[in-house]
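Geometric and topological summary
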Amino acid sequence: QLQLVESGGGLVQPGGSLRLSCAAFGFTLDYYAIGWFRQAPGKEREGVSCISSSGGSTNYADSVKGRFTISRDNAKNTVILLMNSLKPEDTAVYYCAATSRGFKHICMMTSGEYDYWGQGTQVTVSS
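If you're wondering where the values come from, they're calculated on a predicted model, not measured in any experiment.

As a further point, take the packing of aromatic side chains. Per the stated rule, a full pass over the model turns up 6 aromatic pairs. Measuring from ring centre to ring centre gives 6.2 Å for Tyr32 and Tyr116, while their planes differ by 80 degrees; the resulting arrangement is edge-to-face. With a gap of 84 residues between them, Tyr32 in the loop between strand 3 (18-25) and strand 4 (33-39) and Tyr116 in strand 10 (residues 116-117) connect regions that are remote in the sequence. Plain terms: the ring middles of Phe37 and Trp117 are 4.9 Å apart, the flat faces sit at 45 degrees to each other, and that makes the pair tilted. Taken as a pair, Phe37 in strand 4 and Trp117 in strand 10 lie far apart in primary sequence, 80 residues in all. The exposure class assigned to Phe37 is buried, which follows from its relative accessible area of 0%. Through successive ring pairs, a cluster of aromatic residues spans Phe27, Tyr32 and Tyr116.

Counted under the stated rule, the structure contains 2 disulfides. Two residues, Cys22 and Cys96, share a disulfide whose sulfurs are 2.1 Å apart. In this structure, the disulfide formed by Cys22 and Cys96 twists by about 70 degrees around the S-S bond and is classed as right-handed. Remark: Cys96 occurs in strand 9 (residues 92-99) and Cys22 occurs in strand 3; sequence separation between them is 74 residues. For Cys22, a relative accessible area of 0% puts it in the buried group.

Attention shifts here to the environment of Asn59. Its place among the elements puts Asn59 in strand 6 (residues 58-60). Given a relative accessible area of 31%, Asn59 falls into the partly exposed group. Each C-alpha atom, one on Asn59 and one on Ile106, is 8.6 Å from the other, the two residues being 47 residues apart in sequence. Those residues in contact with Asn59 that lie beyond four places of it in its chain are Val48, Ser49, Cys50, Cys107 and Met109.

Conventions and cut-offs
- Residues numbered from 1 in each chain as written.
- Predicted model: local features only at pLDDT ≥ 70, side-chain atom pairs only at ≥ 80, totals over all residues.
- Heavy atoms only, no water.
- Phe/Tyr/Trp six-rings, centres within 6.5 Å; stacked < 30°, edge-to-face > 60°.
- Helix = DSSP H or I, 4+ residues; strand = E, 2+ residues; numbered from the N terminus.
- Buried < 20%, exposed > 50% of the residue type's maximum accessible area, 1.4 Å probe, protein only.
- Disulfide = S-S within 2.5 Å.
- Contact = heavy atoms within 4.5 Å.

Functional significance is not addressed by these values, which are geometric in nature.
Given below as structure tokens:
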């Protein structure tokens, strides 16, 4: 029940792109605000992006602004993180998370706001 599964990670060269998916099982993702987080070796988990349950509001970390795009695909019960112009600094395990709080028009990138977490997908940016 209430599972999140990330996919789409892998090895990519600097400047390349990856499309991460967060699929929900056991609940309808439309009702939840979704956040993407990442954790690099030796570093704390940081917020990358988030999207409100309505899809009308998004936020991005300054480090990825202009390069990453978050969106919802309600028909497939997924949230997408499109990552363009990838840099070695983007290397990390990426996690998606869902909050059951009623964030229709806002979202936050603080870990404590989220109730459900996926197990992560590895993204490695290297030549």
